[in-house]
Amino acid sequence: MPAEQSTMPRGVDTDLYLEIQQFYAAQMQALDGGDATGWAETFTEDGVFATNADSSATCGRAAIAQAAHAAAARLAEEGLVQRHWLGMLDARPGPDGGVRVRYYALVIRTPGGGDPVIWRSCAGADELVRHDGGWLVRERRITRDDVG
Amino acid sequence: MSGDAVMVTPDPAAEIQVTAQIQQFYARHMQAIDRGDVDAWLDTFTDDATIANNTRPEPARGRATIATVARRLVADAAGSGVVHRHWTGMAQVARQPDGTVRATSYALVVQTPGPAGSAGPGSAGSAAPGLWRSTVCVDVLVREDGRWRIRQRNVTHDDVR
């Protein structure tokens, strides 16, 4: 019996929610560990990564891998270790068996011999699609809180 | 069902169940040490557990050795008046063929100066919490007596090069 007065879209079920948490844990650990290729492989071949800090999106696995490589090299040069923490996942069924997820992300940076700091606070919106029993990002839109 | 015989099943629903159990495990494990309940914390390790990190070349071996180190750290924190909260997150949980679980997670330690560190009204800044450590924690967990325990821990501190 549907509750007619409710306009709140349903979330995904508990098992799928945990599965998506695991997907993000693996994806962020690949990025933070400097595995640019592994990171890029969590996107579809034509995957899109867009942020409000850049007017043009990064499109396709090769470009996404290249951007991650460059970012990892810059961090290494500056002697910083970076960790992405995702939380507050709002996951809802999307079209064609996919899932739309909105989340918050904190980026923690630690210098050698120093204290960690929160470097960035962001909101993210992903479109995930099923692939080989797992998930891939078809489109990611990141809104950095420090960018107007 | 006896605690030492864990059948590994390819059932994805069962795998997800383990993931939820491990998340709860870390909540209990970290809250025990943060409130200074060393006994409860030690009970989350096997008797022969080892803890290694990238600041010390030789791992601590066995619950007794781990206990000595833990009691010293808890006493040091209490003595300096600081309060630590360990936040575990981004855990990747992988069941191994032998029934153990390999969990790779991030842990942040939030440090608050505590009552002893605040200089009274108007100096709220001195009591503000800050990030004290960022680490990656790789644990091997085994099922014992119907619960998960850490058999092997390897911690990487992000500030240590």
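The structure presented is a predicted model; accordingly, all values stated were derived computationally and were not measured. (Residues numbered from 1 in each chain as written. Chains lettered and ligands numbered in written order. Predicted model: local features only at pLDDT ≥ 70, side-chain atom pairs only at ≥ 80, totals over all residues. Heavy atoms only, no water.)

1. What about the environment of Ala-32 of chain B?
All names here are of chain B.
No. 1: With respect to the element layout, Ala-32 can be found in helix 1 (residues 12–34).
No. 2: Along the backbone, Ala-32 and Pro-59 are 27 residues apart, and their C-alpha atoms lie at a distance of 22 Å.
No. 3: Beyond its immediate stretch of four places on either side in the chain, Ala-32 contacts Asp-37, Ala-40 and Trp-41. (Helix = DSSP H or I, 4+ residues; strand = E, 2+ residues; numbered from the N terminus. Contact = heavy atoms within 4.5 Å.)

2. Brief notes about the sheet that holds strand 2 (residues 58–59) of chain A
All names here are of chain A.
No. 1: The 6 strands are arranged 2-1-6-5-4-3 in an open sheet whose pairing can be described as mixed. Sheet topology places strand 2 and strand 3 (80–93) at the edges, where each strand pairs with a single neighbour.
No. 2: Strand contacts of helix 1 (residues 14–32): strand 1 (43–51), strand 3, strand 4 (99–111), strand 5 (117–131) and strand 6 (134–144), with the helix running at about 160 degrees to strand 3, the strand carrying the most contacts.
No. 3: Strands in contact with helix 3 (residues 61–78) are strand 1, strand 2, strand 3, strand 4 and strand 6; relative to strand 1, the strand with the most contacts, it is inclined by about 55 degrees. (Pairing = 2+ DSSP bridges. Axes fitted to C-alpha atoms, helices over the stretch in contact; angles between N-to-C directions.)

3. Side note on the sheet that holds strand 4 (residues 101–112) of chain B
Strands belonging to one sheet form pairs held by backbone hydrogen bonds; the direction of such a pair is parallel or antiparallel.
Residue and element names in this part refer to chain B.
No. 1: Across the sheet, which stays open at both edges, the 6 strands sit in the order 2-1-6-5-4-3 with mixed pairing between neighbours. With partners counted over all chains shown, the strands left at the sheet margins are strand 2 (56–61) and strand 3 (83–95), one partner each. The sheet shows a mean angle of 20 degrees between the axes of neighbouring strands, taken without regard to direction.

4. Concerning the pattern of salt bridges
All names here are of chain B.
No. 1: Taken as a whole and assessed by the stated rule, the structure comprises 19 salt bridges over all chains.
No. 2: Close ionic contact of Asp-43 with Arg-149 constitutes a salt bridge, the shortest N to O distance being 3.1 Å. One end of the pair, Asp-43, is in the loop between helix 2 (38–42) and strand 1 (45–53); the other, Arg-149, is in strand 6 (residues 147–157), with 106 residues separating them in the sequence.
No. 3: Looking at Arg-149, the relative accessible area reads 6%, which means it is buried.
No. 4: Among the salt bridges present, the one from Arg-149 reaches Glu-144, with a minimum N-O distance of 2.7 Å.
No. 5: Within the structure, one salt-bridge network assembled from shared partners comprises Asp-43, Glu-144, Asp-145, Arg-147 and Arg-149. (Salt bridge = Lys/Arg side-chain N within 4 Å of Asp/Glu carboxyl O. Buried < 20%, exposed > 50% of the residue type's maximum accessible area, 1.4 Å probe, protein only.)

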